[in-house]
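Residue-level listing of the chains:
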Amino acid sequence: MSVITIERKVLEKNDEIANINRTLLKENRVFTFNLVSSPGSGKTSILEHTVDHLKDKIKLGVIEGDVQTDLDAQRIARHGVPVVQIVTRGGCHLDAPLIRDAINKLDIRNLDVLVIENVGNLVCPANYDLGEEVKVVVISTTEGDDKPLKYPAMFRNASVLIINKIDLLPYVNCNIQELIKNALQINPKLEIFETSCTSGAGIESWCGWIINRASK
Amino acid sequence: MSVAKNILDIVHEHIRPEDETKVSSIILKVGELSGIVNESLEFCFSTLVHNTPLNKAKLIIQTIPISAVCNSCNQISQLEYGVFFCEKCHSSDIKLISGNELQIEQIELED
């Protein structure tokens, strides 16, 4: 028997392209974050509110990832910012080559912030670097307070946690203090925002974080 | 499935086409935090190599535990899945040193 030593990362091609994306975005001074969550946590709704709040202050662009349809891109486009839809046709996550192609369709010289809305999934997107600066994970109160413990890799890799649908807290079985405790147990460095897209609560302070990061 | 495809792409870069039928195993290091379900990866891999010259190749997965060094007391802890604090001083200010691996270590060929 003969043995060939390899010692290569399985996702090295993805990581190489992610680094190229990151360099290109940094050279153009575009602050980029990767928005991840389960399906239905409210990523697109948060983005719609974010765009409305920020579009007169900074230049935003959006890359939308979905398994099927361009419905989310249509929703974002109605708010008057450039958006590119990626349809993965069954793929459960975005990868760096898909983002490279999407970036080429955007005028990044003319952007301050790029938001990548990933496919709704808390597993695979944790492993695929896209070239973003940070990951922002969204969890909604309807998903229960134990979610960070069930998906530790994603919560460990994220820098920001948005707890969405806080207007529903009186009606759902979710203890927000327990949720925050669980999230910080996985990642004590998480910055946390509590939002509701129905009442608009918390959107302003979340948008303040974006402006702060974009101006660094 | 895309992970299994990436593994095969790397194997093809190292093995000449005429040697593919000799590949007996591919040794893979998989960290417990890598998000890989071994059975799913093995299934995807076997589906991709079915009826190809690589159909005798077995995927051998070595699971790598999650471990971390404490930034407060320098203790190295082996962590259970989802528990992120130092086993000695219980500080949560720790740096992961293993558990995220997803790497092909070696390929074994029959003579």
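Cut-offs applied
Residues numbered from 1 in each chain as written. Chains lettered and ligands numbered in written order. Predicted model: local features only at pLDDT ≥ 70, side-chain atom pairs only at ≥ 80, totals over all residues. Heavy atoms only, no water. Contact = heavy atoms within 4.5 Å. Buried area = accessible area lost by both parts, 1.4 Å probe. Salt bridge = Lys/Arg side-chain N within 4 Å of Asp/Glu carboxyl O. Polar contact = N/O pair within 3.5 Å; in protein donor to acceptor, adjacent residues only side chain to side chain. Helix = DSSP H or I, 4+ residues; strand = E, 2+ residues; numbered from the N terminus. Nonpolar A, V, L, I, M, F, W, Y, C, P; charged D, E, K, R; others polar.

Q: What is the right way to read the interface of chain B and chain A from this model?
A: Each partner contributes residues to the interface: chain B has 28 residues there, and chain A has 25 residues. Contact between chain B and chain A buries roughly 2,500 Å² in total, counting both sides, with carbon and sulfur atoms accounting for 53%. Across the chain B-chain A interface, the total number found is two salt bridges. Counting the contacts that link chain B with chain A gives 14 residue pairs in polar contact (both at pLDDT 80 or more). Those elements giving two or more residues to the side of chain B that touches chain A turn out to be α1 (2–14), β5 (94–98) and β6 (102–109) of chain B. Looking at which element gives the most residues to the side of chain B that touches chain A, the answer is β6(B), with eight residues. Residues that form the side of chain B that touches chain A fall into these classes: 14 nonpolar, nine polar and five charged.

Q: Looking at this structure, how should I read the pattern of salt bridges?
A: Under the counting rule described, the total for this entry stands at 18 salt bridges over all chains. The partner of Glu133(A) in a salt bridge is Arg213(A), with the nearest N and O atoms 3.5 Å apart. Of the two residues, Glu133(A) sits in the loop between β5 (113–117) and β6 (134–140) while Arg213(A) sits in helix α8 (residues 203–214), which places them 80 residues apart along the sequence. Linking Lys29(B) and Glu105(B) is a salt bridge whose minimum nitrogen-to-oxygen distance equals 4.0 Å. On the criterion of sequence distance, the pair formed by Lys29(B) in strand β1 (residues 23–31) and Glu105(B) in strand β6 is long-range, its members being 76 residues apart.

These figures capture arrangement, not role.
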